[in-house]
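What follows is the residue order along each chain.
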Amino acid sequence: MKALGFEAPRWLGRSFPFTVLPPLKVWADSFAAGKLPLVKGHHTGPVTFQDSCNFIRNAGFFEESRLLMRHVCTDLREMHPNGNLTYCCGNGGGQGLMPEYKKQKLAALRAKAECIRATGAELVVVACHNCEDGITECVKTYEVAAQVELFSGFLAGCIDLSGHTAQD
Amino acid sequence: MVVHAAAHDADLSPDGVDRAAIRRVMRSKAGARLSLWLSICSRCGQCAEGCHYYASNPSPEHVPAFRLKPLFELYRRQGEVDREFLERLRDIDYGTCTMCQRCTMYCPHGIGIAPLVHAARGVAVAAGMIPQGLAKGMANALEFGNNLGVTEEEFLETVEWQLEELREEMPDADAPVDKEGAEFLLTFHPRDIKFYPQNLFNYLKLYNAARVDFTLSSRAWDSTNLGLFAGDVPTATRLAERVVEAAEALRVKALITAE
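Procedures and definitions
- Along each chain, residues carry numbers from 1 onward, in the same order as the chain's sequence is written.
- Starting at A for chains and at 1 for ligands, labels are handed out in the order in which the entities are written.
- Whole-chain, interface and lining totals are the exception, using all residues; otherwise, since this is a predicted model, local features are given only for residues with pLDDT of at least 70 and side-chain atom pairs are given and counted only at 80 or more.
- Being paired, for any two strands, means DSSP has found at least two bridges between them.
- Working definition: helices are DSSP H or I runs of at least four residues, strands are E runs of at least two. Numbering for both runs from the N terminus.
- For every element, the axis is a line fit to its C-alpha atoms; helices are fit only across the contacting stretch, and the angle between N-to-C directions ranges from 0 to 180 degrees.
- In this description, a nonpolar core means buried residues of the types Ala, Val, Leu, Ile, Met, Phe, Trp, Tyr and Cys, linked to one another by C-beta atoms lying within 7 Å.
- Exposure classes come from backbone-placed C-beta atoms, where a residue is buried if 20 or more other C-beta atoms lie within 10 Å of its own, exposed if 12 or fewer do, and partly exposed in between.
- Domain limits in this description derive from either an automatic procedure or a database domain assignment.
- We call two residues in contact when their backbone-placed C-beta atoms lie within 7 Å.
- The nonpolar class holds Ala, Val, Leu, Ile, Met, Phe, Trp, Tyr, Cys and Pro. Asp, Glu, Lys and Arg form the charged class, and all remaining residues, Gly among them, are polar.
- A clockwise course of the path from the first strand over the helix to the second, judged with the strands pointing away from the viewer, identifies a crossover as right-handed.

Topic: the sheet that holds strand E3 (residues 254–256) of chain B
(1) Moving on: Strand order in the open sheet formed by four strands is E1(A)-E3(B)-E1(B)-E2(B), with parallel pairing between adjacent strands. Looking at the sheet topology across the chains shown, the edges are occupied by strand E1 (19–21) of chain A together with strand E2 (214–216) of chain B. Ignoring strand direction, the axes of neighbouring strands in this sheet form an average angle of 30°.
(2) Moving on: In terms of strand pairing, E1(A) meets E3(B) through three bridges, oriented parallel. Counted as the bridge partner of Leu21(A) is Ile256(B) from E3(B).

Here's what the structure looks like:
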């Protein structure tokens, strides 16, 4: 998102004849238009959401993420801080590919771990691959009893398939 | 920020730093924005509250403004630095920042600390000090079009395989490849293809469930950009251009990035 959505027009010195969107924006728009059938309240366990720096703080899609989460979850618990002020997953800026700095990265995840722990959530939904690794390392390092799942997989499990199987 | 040209082409420090290359990249990064930001940072420290490194371990070297010190020094010294200086720059700017930009929300001047860390990383790249993991991913991306070195054949096979799986529960599912005029171009993180094809399955399921008019590109499906992380703008530009050209050729209205 950051590379193609924000930086690329400047790197290449021209504007593009298409827009650049993160997946969760497309899912939220489809859902709001009544096109994405998601089962309301499908997920009943306590769950929290990691606001990715790229899609939330930098691209501004907080409301889109919550529109979807509030629909499919009955027990959505916010971290504090959250949204634009949420702490980083620890894995941005290529930290996932720099094992030489892993010790500092894990040490810096203490604050995030306590945010997650305080929610009591059993699942952290993450909308970014870097966040997926960062939050997984975070809960493991600080022994927070929570699973981590990509937003795509989480939502795919909430799809109401009746419209598709009925045609078969 | 004025960076004077070297008196002669070969300008090596006693310990082998190519100062001419350092000055070239310094000139490419210099501009009103960088100059303004470096000069107005008053070291007030309010950015400290913005950083998760600081929140987890409140020591002076975890105050975001501290990460600007090597860059500030570099310009002040007109690139007259040695290897030890650059190694320190590298370890501070790659090793203690995720470029998440949270600190900017706490800066009274709105200084873009992450873009400055990015510029500092670019200097490390020019000095040949890019972290190996990033360098390897970038080399893959340049050679194969994705940072995990997946071939086009492997990509197409994986798409076909996951579409077959999806049709078990969604018989009318489709995954058109290189379909001109589709509304959306779908792109991925290469591990969705190489290591976690279930992710690809989930994406196809979501877009089919929403009956979105999408296509995949056989040649440009990785929208990650390690050049961005590395601070290597020429490589970042080449990687972005590949995806942009594919989206233009397919005449899509929107490009959906990797999750």
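A look at the nonpolar core
(1) Moving on: Among the nonpolar cores identified, the biggest contains 135 residues, and Val126(A), Leu155(A), Val123(B), Ala124(B), Leu185(B) and Ala240(B) are the most heavily contacted of them.
(2) Moving on: In terms of residue count, the dominant contributor to this core is helix H6 (residues 113–126) of chain B (ten residues).
(3) Moving on: Each of domain 1 (19–129) and domain 2 (144–256) of chain B accounts for three or more of the residues forming this core.
(4) Moving on: When neighbours within four sequence positions are excluded, Val126(A) is seen to be in contact with Gln50(A), Cys131(A), Glu132(A), Ile135(A), Val148(A), Leu150(A) and Phe151(A).

Description of the domain arrangement of chain B
How big an interface is tends to be reported as the loss of accessible area on association of its parts.
Residue and element names in this part refer to chain B.
(1) Moving on: Under the domain assignment, chain B is made up of domain 1 (19–129) and domain 2 (144–256).
(2) Moving on: Its C-alpha centre places domain 1 at a distance of 34 Å from the equivalent point of domain 2.
(3) Moving on: Opposite the five residues of domain 1 that make contact, domain 2 presents four residues.

Re the interface of chain A and chain B
(1) Moving on: Across the contact, 62 residues belong to chain A and 58 residues belong to chain B.
(2) Moving on: For the side of chain A that touches chain B, the secondary-structure elements that each account for two or more residues are helix H1 (2–12), E1, helix H2 (23–32), helix H3 (53–57), helix H5 (102–107), helix H6 (110–119) and helix H8 (151–156) of chain A.
(3) Moving on: Sort the elements by how many residues they give to the side of chain A that touches chain B and H1(A) lands first, with eight residues.
(4) Moving on: Its residues assigned to classes, the side of chain A that touches chain B shows 37 nonpolar, 17 polar and eight charged.

What about the sheet that holds strand E2 (residues 47–50) of chain A?
Residue and element names in this part refer to chain A.
(1) Moving on: Reading across the sheet, the three strands line up as E2-E3-E4 and stay open at both edges, with parallel pairing between neighbours. Where the open sheet ends on each side, the last strands, each with one partner, are E2 and strand E4 (147–150). Averaged over all adjacent pairs, the angle separating strand axes in this sheet is 30°, with direction ignored.
(2) Moving on: Relative to strand E3 (residues 123–126), E2 runs parallel, the two sharing four bridges. Note on E3: the bridge partner recorded for Thr-48 is Val-124.

Topic: the pairing of E3(A)
All names here are of chain A.
(1) Moving on: Pairing between E3 and E4: four bridges, direction parallel. For Leu-123, the partnering residue across the bridge sits in E4 and is Gln-147.
(2) Moving on: Assessed by its sense of winding, the connection that carries the chain from E3 through helix H7 (residues 129–141) to E4 is right-handed.

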